[in-house]
There are 2 protein chains.
Amino acid sequence: MCDVTDDAPARRCRGAVPTRDAGCGAAAAVRRPGGVRTVDPLVVALDVGGTSIKGALVDRAGAVVAGGAWETGVPHGPDAVVRHILDAAAELAGRAPDGTAPRGAGICVPGVVDAAAGVARWAANIGWTDVPLQDLAAARLGLPVALGHDVRTAALGEGRFGAGTGDPGHPGDPGPVAAAGRTVFCVMIGTGIAGGLVRWIDGVAQVDDGDRAMAGEVGHLVVRPGGPPCGCGNRGCLEALASASRIASRYRELTGTAATARDVADRAAAGDPAAVAVWTDAVDALADALAAVTVLLDPGAVVVGGGLSLAGERLTGPLRPALVARLTFRSPPPVRLSELGDRAGVLGAAALAWQVVERGRE
Amino acid sequence: MCDVTDDAPARRCRGAVPTRDAGCGAAAAVRRPGGVRTVDPLVVALDVGGTSIKGALVDRAGAVVAGGAWETGVPHGPDAVVRHILDAAAELAGRAPDGTAPRGAGICVPGVVDAAAGVARWAANIGWTDVPLQDLAAARLGLPVALGHDVRTAALGEGRFGAGTGDPGHPGDPGPVAAAGRTVFCVMIGTGIAGGLVRWIDGVAQVDDGDRAMAGEVGHLVVRPGGPPCGCGNRGCLEALASASRIASRYRELTGTAATARDVADRAAAGDPAAVAVWTDAVDALADALAAVTVLLDPGAVVVGGGLSLAGERLTGPLRPALVARLTFRSPPPVRLSELGDRAGVLGAAALAWQVVERGRE
C-alpha cells in the first residue's frame, strides 16, 4: 500500500548496501586464532520495489557481505519481474565467499502478500496476481525461502537490526527491547504511509501480518473525520495529511512553489508561515495516529522511518511532546528515528530468511 | 480501567457459573466403557471484581464442575481482599471431585496487572499496590498460578471458549479461527470500555498484554477530536460516547428521564427520537473505533461483550454496516456477540491456568 522511498531513491550502485558495522562489500570471513579461515553463515536478502530490486548477502548479525541493485523491469511484464528477482537471488547466492553457501533467502515485495502461503497476491505497481514466489525461489536456489510484505518487512529489519534493538552499538544484539519480550511499532512515511508491529516471541523478532495480511495500515487510520480526501476513498486518513507527497502538494497549494517534504521541514524551521502550517498539521496528525497506536497496541517503542524520517529531529522533536499531550492516562513509548534508512527492507528480508533457517533447525 | 458488569451484576449464587455444556454444578466425572470412573483434569479459576469474586473449577474444554461467588471485601482493606481471594481459591480447590486434584489456578483482577511478573500493580477500586498475587496463591494452593488483567482475560475467555472460537457448538474446539492461526479482538462495553487482542500461537490462545500491560485500551481511542470530556482527562474518547453509563447519562441529559443503556436501545428501536440520537451516536463511535482496530490490527473477528452486548442485534445490527462504510480499501472482520457474557472473566482465568499447566508440561 505504500512506497516508502519517496525521498530516498533506490541505490544504483552494486555491492552497496552498507550496514553500520560493515561497509560496501566488507567480508564476513575472518581469521580465527590458529590460522583457520572461518566464514559466518549468510542468507540472500532481496527488497523488491517498483523500480529497483535491492539485494544483499547478510550474516546473522545484520552485516552485509555483498550487495547490489537490479532493475525490477515492470515495463516488461510480471513474468519478467519474477525472472529478474530469481536472477538477482541466484547471482547473489553465487557471490558467497569461498567455503560458505547461503543458508536461506528472504524476499519482500509490495502489495498484498500472503506470507504464510509464500504467495505475492497482488501489487498495483508490478501488475502481478498470485505469484508463488516462495516456491519459485526455493526451486531456483535450492534453499528455504521466506516471503514478506515490503513495509512490514522493513519494520522487522528495524526491529531485529536497527532502531528497535534498543542498542545502536550492537546491531545483532536484540538488546533490552527483546530481553523484556517487548514490541516495537514502526511507521514508514514516504509517498504513502504504512507500518508494522514487531514482537519478540521466544527471543525471535517477528512481524505481525494480521489475519488477512493487512495489519499495520496506519496510513489509513482516520485522524481528521471529514478531513482531506485520501487515495483510498476515505477522508481524513493519516496518509492524506502527513505523507511526504501530501506535505509537498499541500505546500504547493498554499504557495504555488514546488518543494519536497524535506524542503518544507527546512522552511518551517526557518519560519516560513506556510511551511510551519503544513508541517505542524502533519506532525499533529502523526501524533494523533501514534496516540491511537499506543492506546491499542502499547508498543515498547515507536520507530519512524521512510523518506520523511530524513527530516530527523525536525520531525521527532515536535512529535514527542505532541504525543505526550495526547496521552492523559499513561506515558508514551519512546519515539526513535530509523537507523537503517532505505536498507530496512533488505535487512528485514535477511531477518525473514534467518527466521526460516532457524525454524528449520528446531 | 473498565468495569464491564454495569448491566450484568455479579452472581450471588454458589455453584452457579454455568457453561454452555454444563449447568450449575454439573460434574466433569464421566463413566468410560468398562465401568472405570474417570475425571477430567481441572483448574481453579477466579474473576475478582470490585464487589464480588466469581470462581469455578473448569476443565480443559471450558466446562464448569463447581462454581461460587464471594464478597471481595474492599471495605475491609487490601489485605482482606487478598485473604478473600486465597480463601476462595482454596475452597474451590477443596471441592474437586474425588480422584482428581486441580492442576493449576488462574486469577484475573482489575487495574494495572503485570501478568509476566504475576503482580497486581495497582487498582483504584480495590486500593492495592504491588501485590504478588501469583506467588501468594501458588504458596497457598501448592499449584502453578497465572495472573491476568480482568478485561483482557475476559477477551481470552471469549477467544478460547466463546465467540472467538468460531464454532459455538464446540466450546473447547479452537475452530476455524485458531486453525488458521488467526486473531480475535474483543471489546467489552460496560461502565467503561476496554478490550484485548487474542492470538493463537502454536495452537494456544494468548492475550496480548502490550509492553507495559496497557494494550487494548480501546475505550480511550479518540473518535471525536474535541468531543465530550472523558474520565481520563481527554476529549472524544470512545468511552465518553459509547459506554453503557454514558449512553444512560446522555439520554437523561436530553430527556430528564432515567434509563439504562438497554432501555435506551429498546426505546431507540421503538422510535423514541432522543433514544435514536444517543444510540446512533454510540454505534457510530463504536464503528469508528473498530475501523481503527481493523486498520491497525487486522483481526480475524471482532467480539462485542460486556453488559451492553445484552442489547444483541440492536447493537450489532447497525454496527456491521457502519463498519463496512468506514473501510474503503478492505472488507471488515465479522462482528460477533459475546457468547460467555459475565462468565467470560472466570473462563478466561481458566484459560490462563490451562496455559500455565500446558507450559509446565513442555
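Residues numbered from 1 in each chain as written. Chains lettered and ligands numbered in written order. Predicted model: local features only at pLDDT ≥ 70, side-chain atom pairs only at ≥ 80, totals over all residues. Heavy atoms only, no water.

- Going by the annotation in an unreviewed UniProt entry, the name recorded for chain A is Sugar kinase, with Nakamurella endophytica given as the source organism.
- What UniProt states about chain A under its Sequence similarities (unreviewed entry) heading is, verbatim, "Belongs to the ROK (NagC/XylR) family." (UniProt positions renumbered as here; feature names shortened; annotations may be inferred.)

### Focus on the overall build of chain A
1) Next: The helix and strand tally for chain A stands at 10 helices and 15 strands.
2) Next: Counting all 362 residues of chain A, 58% fall into the buried class.
3) Next: Partitioning the intrachain contacts of chain A with sequence separation of at least 6 by distance along the chain shows that 63% fall at a separation of at least 24.
4) Next: When the accessible surface of chain A is summed, it comes to about 13000 Å², and 52% of that surface belongs to carbon and sulfur atoms. (Helix = DSSP H or I, 4+ residues; strand = E, 2+ residues; numbered from the N terminus. Buried < 20%, exposed > 50% of the residue type's maximum accessible area, 1.4 Å probe, protein only. Contact = heavy atoms within 4.5 Å. Areas by Shrake-Rupley, 256 points an atom, 1.4 Å probe, with all protein chains shown as cover.)

### A short note on the environment of Ser243(A)
Residues and elements named next belong to chain A.
1) Next: With respect to the helices and strands, the residue Ser 243 is situated in the loop between helix 5 (239-242) and helix 6 (244-255).
2) Next: The spatial distance from the C-alpha of Ser 243 to the C-alpha of Gly 219 is 8.3 Å, given a sequence separation of 24 residues.
3) Next: Setting aside residues no more than four positions away along its own chain, Ser 243 makes contact with Ile 189, Gly 190, Thr 191, Gly 192, Ile 193 and Leu 238.
4) Next: Here the side chain of Ser 243 touches Glu 239 through a polar contact of 3.1 Å, landing on its backbone oxygen.
5) Next: Here Arg 246 takes part through its backbone nitrogen, which lies 3.1 Å from a polar atom of the side chain of Ser 243. (Polar contact = N/O pair within 3.5 Å; in protein donor to acceptor, adjacent residues only side chain to side chain.)

### As for the interface of chain A and chain B
1) Next: Listed by partner, the interface residues are 40 residues for chain A and 40 residues for chain B.
2) Next: Scanning the region where chain A abuts chain B turns up 3 salt bridges.
3) Next: With its nearest N and O atoms 3.4 Å apart, the salt bridge here joins Arg182(B) to Asp211(A).
4) Next: If you look at where chain A meets chain B, you find 21 residue pairs in polar contact (both at pLDDT 80 or more).
5) Next: Secondary structure elements with two or more residues in the side of chain A that touches chain B: strand 11 (183-189), strand 12 (193-201) and helix 8 (273-297) of chain A.
6) Next: When residues of the side of chain A that touches chain B are assigned to their parent elements, the largest contribution, 5 residues, is made by helix 8 of chain A. (Salt bridge = Lys/Arg side-chain N within 4 Å of Asp/Glu carboxyl O.)

### Section: the pairing of strand 9 (residues 128-131) of chain A
All names here are of chain A.
1) Next: The pairing of strand 8 (residues 119-123) with strand 9 spans 3 bridges and is antiparallel. What sits directly across from Trp 122, in strand 9, is Thr 129.
2) Next: Here strand 8 folds back onto strand 9, and the loop between the two strands holds 4 residues, one of which, Gly 127, carries a positive phi near 85°. (Pairing = 2+ DSSP bridges.)

### A few points about unusual backbone geometry
Residue and element names in this part refer to chain B.
1) Next: The backbone of Asp 130 shows a phi angle near 50°, a positive value even though the residue is not glycine.
2) Next: Structurally, Asp 130 is set in strand 9 (residues 128-131).
3) Next: Positive phi is not limited to glycine here, since Ala 213 has a value of about 60°.
4) Next: For Ala 213, the location among the structural elements is in the loop between strand 13 (204-207) and helix 5 (239-242).
5) Next: You can call Ala 213 buried: its relative accessible area is 15%.

### Thoughts on the relation of the copies chain A and chain B
1) Next: Once chain A has been moved 0.0 Å along the axis and rotated by 180°, it coincides with chain B to within an RMSD of 0.0 Å. Interpreted geometrically, this transformation is the action of a two-fold axis.
2) Next: Both copies contact each other with a shared surface, as 100% of the interface residues of chain A are interface residues in chain B too. (Least-squares fit on C-alpha atoms with pLDDT ≥ 70 in both.)

### Comments concerning the environment of Trp279(B)
Residue and element names in this part refer to chain B.
1) Next: Of note, Trp 279 is situated in helix 8 (residues 273-297).
2) Next: With relative accessibility at 7%, the residue Trp 279 sits in the buried group.
3) Next: Spatially, the C-alpha atom of Trp 279 lies 9.5 Å from that of Ala 269, the residues being 10 residues apart in sequence.
4) Next: What Trp 279 contacts, discounting residues up to four positions off in sequence, is Ile 247, Ala 261, Val 264, Ala 265, Ala 268, Leu 308, Ala 311, Arg 314 and Leu 315.

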